[in-house]
Amino acid sequence: MHNRVVVTGLGVVAPNGVGLTAFTEAIKNGTSGINHDPQLEQLQFSCQIAGKPELSDEFIAQYFSPLELRNFNSTGILYGVIAGMDAWKNAGLNINQDSDEPAWDSGTIFGTGTSGIDKFRESIYKVDELQLKKLGSTAVVQTMASGISAYLGGKLGLGNQTTTNSSACITGTESILMAYERIKTGQATKMLAGSTGDSGPYIWAGFDAMKVCTYKHNQSPMQGSRPMSASASGFVPGSGAGALVLESLDSAFKRGATIYAEILGGHINSGGQRGSGTMTAPNSIAVQRCIKGALQNAGINASEVDAINGHLTATAKDATEIQNWSLALDRKNKDFPYINSLKSTIGHCLSAAGSIECIASILQLHQDFIFPNINCEDLNPEITDIIDFNKIPQQLLNTNVNIVAKASFGFGDVNACIILKKYT
Amino acid sequence: MDRADLIERLTPIIATYAQDKDAVASINETTDFIKDLRINSANLVDVILDVEEEFDIEIDNLSMERMLNVTAAIEIIEDKLKTK
């Protein structure tokens, strides 16, 4: 007997909105969070635009003590802790500082790509300058991959599994599916799922060097991220964090919690870097199997999908992704579901992408809307050959949304697809 | 520098890490960093770094190991100041 799993809390730190209210407004209005970044210009990046959440010192002080902020230099942990604590509070759960007893049935799977890359850089310089001793006590916890789950575990007093997953750009979606499994199989009652990603030149440089980011919009940052557009010229790097409280339906029901959505299931696989798959390019057969596997796992038909939230990063691969969705669902033209990409407004938040985009998908289910795509006035004809242009909304659509399929794809030829449903 | 002055300069450093803020108000030579002030043991290295900076001295590994209370801290600081 498996538990049904629902989402009862959301927290988000995104380039176009910090906090659920600001973020919901931003995605409904198609507000861009992409800006020119003077530091990237100074360091002579090809792509000098990026998405970074804006956080004031006063705001940060609500989540971290002065002691915790001493020598603190990890944007990923900063974003993740804020999103995670917000999600916990949003679910109506206590942040119990006084009890000596951890919450045995609550845990976290909170992913990241790297941790504290700025702290790591600072530490390496100190070591090479023979100043090792000056690293102090927090270099390890800020740079260990599981730093984010360790910080959250302590802040929330979690007593169940407390870990970090990492799988490139599927990290966020994967964390939700892993947490889902844990509750479904009765090993935990509540899990904080989510993911975070560092900001700044040292995390983004490698992508710039690979020439996968756009260099054509340094003077027009808000038009830079162009998923599905004929003039898409590479992704815009982003950062932030998304967090979701997953809970057994029984527990949510007993507490009288707000239920944002139900997780019906999903699938995670890899193309094995065989066929069309490589370290950096997806094996289309694996992508299609992942989508079909998710539908099967969720126990729904392809015809029931109302909307897709794509991976769609604004590269030449966007048309391939649409083709894969079309083949996997066996739906095309006017029969294709609505599809959107949050990356048009926040860029590609890398390890944080999946969780932030899942939150946007869940808000669509909870509030019955499809958020608009921006910067695709000139739709890629290879895409409109497969699906009707009306299925790519460029204005906010207020419409009943019952099921959203959300997929993420990542380096290493890895795929994740999750099926989210309005809870009724 | 007399001991009262030393304690006065030591107090703000220690206060940063002490979880028992009331105990900070009554710091004296017998105060233990962990037992009385409830300083997280991982933070002891941070206390030492801050002391080094405040007094412009260098504290060796052997001294670090025994700097667990106010008395030891004062002895070590006085000793290092003398040999500066």
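A quick note: this is a predicted structure, and the numbers were derived from the prediction, not measured.

A.B. asks: Even after reading the chapter, I still don't get the overall build of chain B, so can you show me in this structure?
C.D. replies: The helix and strand inventory of chain B stands at 5 helices and 0 strands. Ordered by position from N to C terminus, the α and β elements of chain B give α-α-α-α-α. For 84 residues, the compact-globule estimate of 2.2 N^0.38 gives 12 Å, and chain B sits close to it at 12 Å. Principal axes of the C-alpha set define a box for chain B whose edges measure 35 × 25 × 20 Å.

A.B. asks: How should I be thinking about the nonpolar core in this particular structure?
C.D. replies: Soluble globular proteins tend to bury their nonpolar side chains together. Of all hydrophobic cores here, the largest spans 105 residues; its most connected members are Leu244(A), Leu246(A), Ile291(A), Ile356(A), Ile362(A) and Ile418(A). If sequence neighbours within four positions are ignored, Ile356(A) has contacts with Val12(A), Ala14(A), Gly172(A), Gly240(A), Gly242(A), Leu342(A), Ile346(A) and Cys349(A). In terms of nonpolar packing, the next biggest core, distinct from the first, is built from 15 residues, Ile14(B), Val70(B), Ala73(B) and Ile77(B) among them.

A.B. asks: When you look at the pairing of strand β9 (residues 261-270) of chain A in this model, what are you seeing that I'm missing?
C.D. replies: In the case of a regular strand, side chains alternate between the two sheet surfaces. Residue and element names in this part refer to chain A. With 8 of 10 residues buried, β9 is to be regarded as a mostly interior element. Here strand β1 (residues 5-14) runs beside β9; their pairing, made up of 3 bridges, is antiparallel. Within β9, the residue paired with Val-5 across the bridge is Ile-263. One ladder, built from 8 bridges, connects β9 with strand β13 (residues 414-421); its direction is antiparallel. Its bridge partner being in β13, Gly-265 is matched across the sheet by Ile-419.

A.B. asks: Would you take a moment to explain the domain arrangement of chain A for this structure?
C.D. replies: Interface size is commonly expressed as the accessible surface area that is lost when the partners come together. All names here are of chain A. When the domains of chain A are assigned, the result is domain 1 (5-261) and domain 2 (265-421). The centre of domain 1, based on its C-alpha atoms, is set 22 Å off from the matching centre of domain 2. Those elements that provide at least two residues to the side of domain 1 that touches domain 2 are β1, α1 (20-29), β4 (49-51), β5 (106-112), α9 (171-184), β7 (190-197) and β8 (240-248). Top contributing element to the side of domain 1 that touches domain 2 by residue count: α9, with 7 residues.

A.B. asks: For this particular structure, what's the right way to read the confidence of the model for chain B?
C.D. replies: Where the model shows low pLDDT, its predicted coordinates should not be examined in detail. Averaged over chain B, the pLDDT score is 93; the fraction of residues at 70 or greater is 100%. Note on the complex model: pTM 0.96, ipTM 0.86.

A.B. asks: How should the packing of α9(A) against helix α15 (residues 353-367) of chain A be read in this particular structure?
C.D. replies: The geometry of a pair of packed helices is captured by two quantities: the angle between their axes and the separation between those axes. Residues and elements named next belong to chain A. Following both chains from N to C, one finds α9 and α15 inclined at 70 degrees, their axes separated by 5 Å at the closest point. One way to sum up the angle between α9 and α15 is to call them roughly perpendicular. In this structure, α9 uses Thr-171, Gly-172, Thr-173, Glu-174, Ser-175 and Ile-176 to contact α15, whose residues at the interface are Ala-353, Gly-354, Ser-355, Ile-356 and Cys-358.

A.B. asks: I keep staring at the interface of chain A and chain B and nothing clicks. Help me out?
C.D. replies: On the side of chain B, 7 residues touch chain A, which itself brings 4 residues to the contact. Grouping the constituent residues of the side of chain A that touches chain B by class yields 1 nonpolar, 2 polar and 1 charged.

A.B. asks: Explanation requested: the pairing of strand β12 (residues 403-410) of chain A in the structure shown.
C.D. replies: Residue and element names in this part refer to chain A. β12 sits mainly inside the fold: 8 of its 8 residues count as buried. Where burial is concerned, the two faces of β12 agree: the one with Ile-403, Ala-405, Ala-407 and Phe-409 and the one with Val-404, Lys-406, Ser-408 and Gly-410 are both buried. The pairing of strand β10 (residues 307-309) with β12 spans 3 bridges and is parallel. Bridged to Asn-309 within β12 is Lys-406. Of the strand pairs in this sheet, β12 and β13 are connected by 8 bridges, and their pairing is antiparallel. The partner of Val-404 across the bridge, within β13, is Leu-420. What sits between the antiparallel neighbours β12 and β13 is a turn of 3 residues, in which Gly-412 has the positive phi angle 95 degrees.

A.B. asks: Where do I start with the environment of Thr162(A) in this structure?
C.D. replies: Examined against the element boundaries, Thr162(A) turns out to sit in strand β6 (residues 162-163). Setting aside anything within four residues of it in sequence, one finds Thr162(A) in contact with Gly107(A), Thr108(A), Ser149(A) and Gly153(A).

A.B. asks: Looking at this structure, I do not really get the environment of Asp306(A). What am I missing?
C.D. replies: Residue and element names in this part refer to chain A. In this structure, Asp-306 sits in the loop between α12 (284-298) and β10. Classification of Asp-306 by C-beta neighbours within 10 Å gives partly exposed; the count is 18. Taking the C-alpha atoms as reference, Asp-306 lies 35 Å from Leu-78; in sequence the two are 228 residues apart. The residues touching Asp-306, leaving out its near neighbours within four places in the chain, are Pro-337, Tyr-338, Val-401, Asn-402, Ile-403 and Val-404.

A.B. asks: I tried to follow unusual backbone geometry on my own but got confused; where do I start?
C.D. replies: Peptide bonds are mostly trans, and most non-glycine residues show a negative phi. All names here are of chain A. A positive phi angle is found at Lys-211, which is not glycine, with a value near 65 degrees. With respect to the helices and strands, the residue Lys-211 is situated in the loop between α10 (201-209) and β8. Of the residues examined, Lys-211 has 11 C-beta atoms within 10 Å and is grouped as exposed. Positive phi, normally seen in glycine, also occurs at Asp-413, with a value near 60 degrees.

A.B. asks: Explain α15(A) to me, please; I cannot follow it from the model alone.
C.D. replies: Think of an α-helix as 3.6 residues a turn; residues three or four steps apart then line up on the same face. All names here are of chain A. Between its terminal C-alpha atoms α15 stretches 21 Å, which fits the 21 Å expected from 15 residues at 1.5 Å a residue. Burial within α15 is extensive, with 13 of its 15 residues counted as buried. Immediately beyond the C-terminal end of α15, within one or two residues, lies Asp-368, with a positive phi of roughly 55 degrees.

Thresholds applied
Residue numbers here run from 1 along each chain, matching the order of that chain's written sequence. As a convention, the first chain written is A and the first ligand written is 1, with the rest following in written order. In keeping with the model being predicted, local features are shown solely for residues with a pLDDT of at least 70 and side-chain atom pairs are shown and tallied solely at 80 or more, while totals for entire chains, interfaces and linings include all residues. Starting at the N terminus, helices and strands are each numbered in turn, a helix being any DSSP run of H or I of at least four residues and a strand any DSSP run of E of at least two. The reference for a compact globule is 2.2 Å times residues^0.38; the radius of gyration itself is calculated from the C-alpha atoms. By our criterion, buried Ala, Val, Leu, Ile, Met, Phe, Trp, Tyr and Cys residues that link up through C-beta atoms within 7 Å make up a nonpolar core. Three exposure classes are used, based on other C-beta atoms lying within 10 Å of a residue's own C-beta, which is placed from the backbone: buried for 20 or more, exposed for 12 or fewer, and partly exposed in between. It is the C-beta atoms, placed from the backbone, that decide contacts: two residues are in contact if theirs lie within 7 Å. Only strands joined by at least two bridges in the DSSP assignment are considered to pair. Each domain's extent was defined by an automatic or database domain assignment. pLDDT is a residue-level measure of predictor confidence that goes from 0 to 100. Axes, fitted as lines to C-alpha atoms, cover a helix only where it is in contact. Angles between the N-to-C directions of the axes lie from 0 to 180 degrees. Oblique is the label for any angle not covered by the other classes, which are roughly parallel (under 35 degrees), roughly antiparallel (over 145) and roughly perpendicular (65 to 115). Three classes are used: nonpolar for Ala, Val, Leu, Ile, Met, Phe, Trp, Tyr, Cys and Pro, charged for Asp, Glu, Lys and Arg, and polar for all others, with Gly counted as polar. An expected span of 1.5 Å times one less than the residue number is assigned to each helix.

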